[in-house]
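Below are the chains, spelled out letter by letter.
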Amino acid sequence: MKKKRNKRLNRILAVLIIVAAVCVGGYFAFCFWVNASGMIMGKDAKVDQGSAIVVNGANRREGVFSLLICATDEEEKRTDSMMLLVFDTKNKKANILNIPRDSLVDCDRTGAGRKINAAYAYGVDEMMDEVSTVIGFRPDKYLVANFDAIAKIVDAVGGVDYDVPFDMSYHDASQDLSIEFKKGEQHLNGKQVVEYLRWRHNDDGAGYDDGDIGRVTKLQDFLVTVGGAVLQPSNILKIPEIASAVTENVKTDLSTSQILWIGMQGMKMDMKQDVKMETLYGDSARVNFGLDIWFYILDEDMIIDQINKSFNPYTYKLTEDDFDIVTPKTYGIYSEDWRQEKALRYQTYKNEKKKSAKQGSGSASVADDE
């Protein structure tokens with residue numbers, strides 16, 4: 001059971017991180033180069049603060065906006081991955097929040113349709129509305145890419161060099177998937193990059209020795225590698241290919257001037273120091289909605305703390321009134337998996353909060369966490 005949960009979480013994190021690299025990094029690089037070189041926009045084109053994303057509403061943090069970034073499945077009917085980018089352009093910091101595609105949401109759909117990834121089939125507005133229920137606010141903008149974007153952007157920059165940690169051998173006839181890599185330095189094209197990120201374990205079950213922690217660490221390292229390859233100045237002559245990969249395979253409500261402005265802000269960031277990644281708190285559990293289905297069950301108390309600490313675009317704290325997070329208990333369904341995982345996760349969370357509080361305030365009391 002635990003192994004199955006790890007497989008699902010690994011797959012979610014893998015796809016999210018590569019989307020972050022090629023979509024955010026690719027957009028930043030493409031927009032910067034277009035503006036700097038005068039190509040397409042013209043030599044006199046300039047990006048000033050008038051191009052900045054302006055968000056409506058009172059009590060917003062200055063210079064902070066949010067962008068929902070998604071990648072669709074092969075049929076482009078569901079979002080195979082979802083993440084929230086909260087960009088602090090004033091301090092040049094970005095926080096990325098993974099929203100697991102299997103998250104259980106409050107909706108009228110049935111069965112597996114209760115997962116948040118099914119919302120896209122009903123339109124972008126429905127997707128944005130449902131995301132708002134689990135993060136406490138509606139993202140300002142959206143960007144939806146398909147898998148072709150990932151492969152084509154990587155191919156446009158001539159591929160990437162990466163040190164594969166060990167031999168990889170995985171085959172799945174049902175998906176027409178065959179992944180074969182040897183340990184060591186590799187030059188990966190777009191198709192191979194997608195295969196590498198889709199890999200979860202070998203046919204014999206072998207994977208990372210330290211499980212999810214090791215995999216996440218390696219995937220973050222891969223993000224830096226891919227992002228660095230896209231941002232190479234030598235790629236300036238490849239702008240047309242990058243532009244084609246982006247425009248043909250990405251849907252967004254960002255205007256051209258806003259894209260250019262974001263690109264300029266992004267180029268001022270240090271990818272290793274200024275970009276932080278987290279995943280919405282929760283755990284996978286089997287829930288019976290007529291049939292036993294695996295869902296990612298979100299933890300409201302922990303998520304409210306998480307959003308307020310790292311992703312809240314407002315000057316005030318969000319409360320439970322801003323969220324609509326559901327659990328098996330909401331539907332009157334008992335799930336032993338969920339109950340046990342919640343108890344273990346929450347105890348770990350409390351211990352980490354105590355440790356963090358002690359480190360931050362020395363001998364200060366942490367009685368409020370008891």
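Details of the structure are given in the entry above.
A brief report on the enclosed structure follows. Starting from 1, residues in each chain are numbered consecutively following that chain's sequence as written. With the structure being a predicted model, the display of local features is reserved for residues of pLDDT at least 70 and the display and counting of side-chain atom pairs for 80 or more, all residues being used for whole-chain, interface and lining totals. Only hydrogens and water are removed before side-chain values are computed, so all heavy atoms of the structure are retained for them.

The next point concerns the environment of Gly207. Locating Gly207 in the fold gives a position in the loop between α4 (190–198) and α5 (211–230). Between the C-alpha atoms of Gly207 and Phe166, which are 41 residues apart in sequence, the distance is 9.0 Å. If we skip the residues at most four places from it in the chain, Gly207 touches Phe166 and Trp199. Strands are runs of DSSP state E lasting at least two residues, helices are runs of H or I lasting at least four, and both sets are numbered from the N terminus onward. Contact criterion: two residues are considered in contact whenever any of their non-hydrogen atoms come within 4.5 Å of each other.

In the sections that follow, a salt bridge refers to a side-chain nitrogen of Lys or Arg positioned within 4 Å of a carboxyl oxygen of Asp or Glu. Counting across every chain of the model gives ten salt bridges. Here Glu130 ties to Arg109 by a salt bridge, and the two come within 2.7 Å at their closest N and O atoms. Of this pair, Glu130 sits in helix α2 (residues 124–135) while Arg109 is found in the loop between β3 (93–98) and α2, placing the two residues 21 residues apart along the sequence. Throughout this description, buried means an accessible area under 20% of the type-specific maximum (1.4 Å probe, protein chains only), exposed means over 50%, and partly exposed covers the range between. Among the residues examined, Glu130 registers a relative accessible area of 3% and is labelled buried. In this structure, Glu195 engages Lys191 in a salt bridge whose closest nitrogen and oxygen atoms are separated by 2.6 Å. Of this pair, Glu195 and Lys191 both sit in helix α4, four residues apart, which is roughly one turn of that helix. What you see here is one network of salt bridges that share partners, running through Arg101, Asp102 and Lys115.

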